[in-house]
Amino acid sequence: MGSRSIIEPFRIKSVEPIRMTTREQRERCLEQAGYNPFLLHADDVLIDLLTDSGTGAMSAEQWASIMRGDESYAGSRSYYRLAEVIKDIFGFQYVLPTHQGRAAERILFSSMCKPGDVVPNNTHFDTTRANVEHVGARAVDLPIAEGRLPAILHPFKGNMDAGALIALIAEAGADRVPLVMLTVTNNSGGGQPVSMANVREVSAICRRHRIPLYIDACRFAENCWFIREREEGYAGKSPREIAQELFSHADGCTMSAKKDGLVNIGGFLAGNDEALARQESRLLILTEGFPTYGGLAGRDLEAMATGLEEVLHEDYLQYRIASTAYLGRHLSEAGVPIVLPPGGHAIYVDAAAMLPHIPARMFPGQALAAELYLEGGIRAIEIGSVMFGSTNAETGEETLASMELVRLAIPRRVYTQSHIDYVCEVMTDVFAKREQIAGLRIVWQAPPLRHFTARFQPA
Ligand SMILES: *Cc1c(COP(=O)(O)O)cnc(C)c1O
């Protein structure tokens, strides 16, 4: 029994064709896109692993929710259902829907932070960092040391360094730290989980200093599954019970429901502080919408409520984490260097290790992403010196990132095992001819966030 395949726990009712292209067609498309996968037309992509955000498939029950959605401007039934689901799983009394995660971040930081403040996180996601900095505060990443080393195994590489948090609070002064955040799982750190012990420890530090703890909850269900599999004492608990315990240590959360909400658009901000929630509502009304819809349609709220229930199903989470691990295992067996252990939502290929003949200033990650598309129509993104580096306008010198990675993000419930097998085959073929892959140079760029629009040419 134990050796049988972990299968997709669903059957397929509606299909969307994907288009095979020839290598010659892909060469043309990639050249037109300036060797930047962000600039490809999605129709020219066969397997799209650009992101797991908003790219999942909704269930039949979620589509039924779409029809049940109540489109009343104020006091929508769908809002009250969503708020009940969130109260049950997350335990927070005040729920503000937002169109996606970054809107929740903007409202939270605008309400809680002032210039000169410091916001610690295990690792800030890029929109989180940008929103902290937008209000004049400083975003500080405090991952444990293992979190920065791709090849080192650790069950909870997403953990925050508690000692560094204590030191930062002592240095900045508790009154300069309006909140502490924990991102579960740690997206920018490779989709790695945070342990319950770490949540408890960080929470105790925060309570001692009367600093609120907020969870960036985008992939909370995937994180809870890792806790169940890897942390002593949780094997017998349901993902819902683990989630309830995790959030009981926090004062609020931000959520992009485009991840573990299993919807294509949506998010929320939740907490237990009534006065703060009132202040946040005023900002929500200003730019998002009335507090019972927050920039979403009633049907979106209803589908999100159903998605938050479904994402905690054990057979779903077992399949989800197993399919990411499956891709990681097969790539590792083929010799492809990846960030270990596999995260929840993505596999990160270590392009610097795979293409040592391409120096970082010639963007090995971007070159690998381009080759994956040419070889098999697969779209992935570079997370390296294109994304985090910059060019000095006067000297032309490149500031480089600490790692050169390519992320293969897996959309939820979209691709089957044979799609994943195909990805392994293409990557294996690319790996076999890795020495022939050439670097790229930037011919056009527009900072900041240059990775979205930069254009390249073979160097
Ligand atoms: C996606 C994401 C966000 C931002 O959410 P959007 O819905 O893209 O605005 C914030 N934090 C983390 C960890 C994320 O993965």
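Criteria and cut-off values
- Residues numbered from 1 in each chain as written.
- Predicted model: local features only at pLDDT ≥ 70, side-chain atom pairs only at ≥ 80, totals over all residues.
- Heavy atoms only, no water.
- Near = heavy atom within 4 Å.
- Polar contact = N/O pair within 3.5 Å; in protein donor to acceptor, adjacent residues only side chain to side chain.
- Areas by Shrake-Rupley, 256 points an atom, 1.4 Å probe, with all protein chains shown as cover.
- Helix = DSSP H or I, 4+ residues; strand = E, 2+ residues; numbered from the N terminus.
- Phe/Tyr/Trp six-rings, centres within 6.5 Å; stacked < 30°, edge-to-face > 60°.
- Buried < 20%, exposed > 50% of the residue type's maximum accessible area, 1.4 Å probe, protein only.
- Lys NZ or Arg CZ within 6 Å of the ring centre and 35° of its normal.
- Core = buried A, V, L, I, M, F, W, Y, C linked by side-chain atoms within 4.5 Å.
- Domains from an automatic or database assignment.
- Contact = heavy atoms within 4.5 Å.

Moving on, we get to the site of the ligand. The environment of the ligand is made up of 15 residues, and the closest members are Arg102, Asp216, Arg219, Ser256 and Lys259. Interatomic distance of 2.7 Å between a side-chain N/O atom of Arg102 and an oxygen atom of the ligand. The side chain of Lys259 places a nitrogen or oxygen atom 2.8 Å from an oxygen atom of the ligand. When isolated, the ligand has an accessible area of 380 Å², and the protein chains bury 97% of it. For the shell around the ligand, the elements supplying multiple residues, two or more each, are helix 4 (101-112) and helix 5 (126-134).

Our focus in this paragraph is the packing of aromatic side chains. Counted under the stated rule, the structure contains 12 aromatic pairs. Here the aromatic rings of Tyr79 and Tyr80 are separated by 5.3 Å at their centres, their planes lie at 75°, and the arrangement is edge-to-face. The class of Tyr80 is partly exposed, set by a relative accessible area of 47%. By the ring-pair criterion, three or more aromatic residues cluster together here, those being Phe90, Phe92, Phe220, Phe247 and Phe268. In this structure, Lys259 packs its charged tip against the face of Phe125, placed 5.3 Å from the ring centre. Looking at Arg434, its charged tip hangs above the ring of Phe431, at a distance of 4.0 Å from the centre.

Moving on to the nonpolar core. By size, the foremost hydrophobic cluster in this structure holds 66 residues, and its most contacted members are Phe90, Phe220, Phe247 and Leu308. Ranked by the residues each element gives to this core, the list is headed by helix 3 (residues 77-90), at seven residues. Counting only domains with at least three residues in this core, you end up with domain 1 (23-52 + 314-458) and domain 2 (60-310). Those residues in contact with Leu308, other than ones at most four positions away along the chain, are Leu82, Val85, Ile86, Ile89, Phe90, Phe220, Met255, Asp260, Gly261 and Phe268. Listed in part, the 46 residues of the second largest apolar core include Ile378, Val386, Ile410 and Tyr415.

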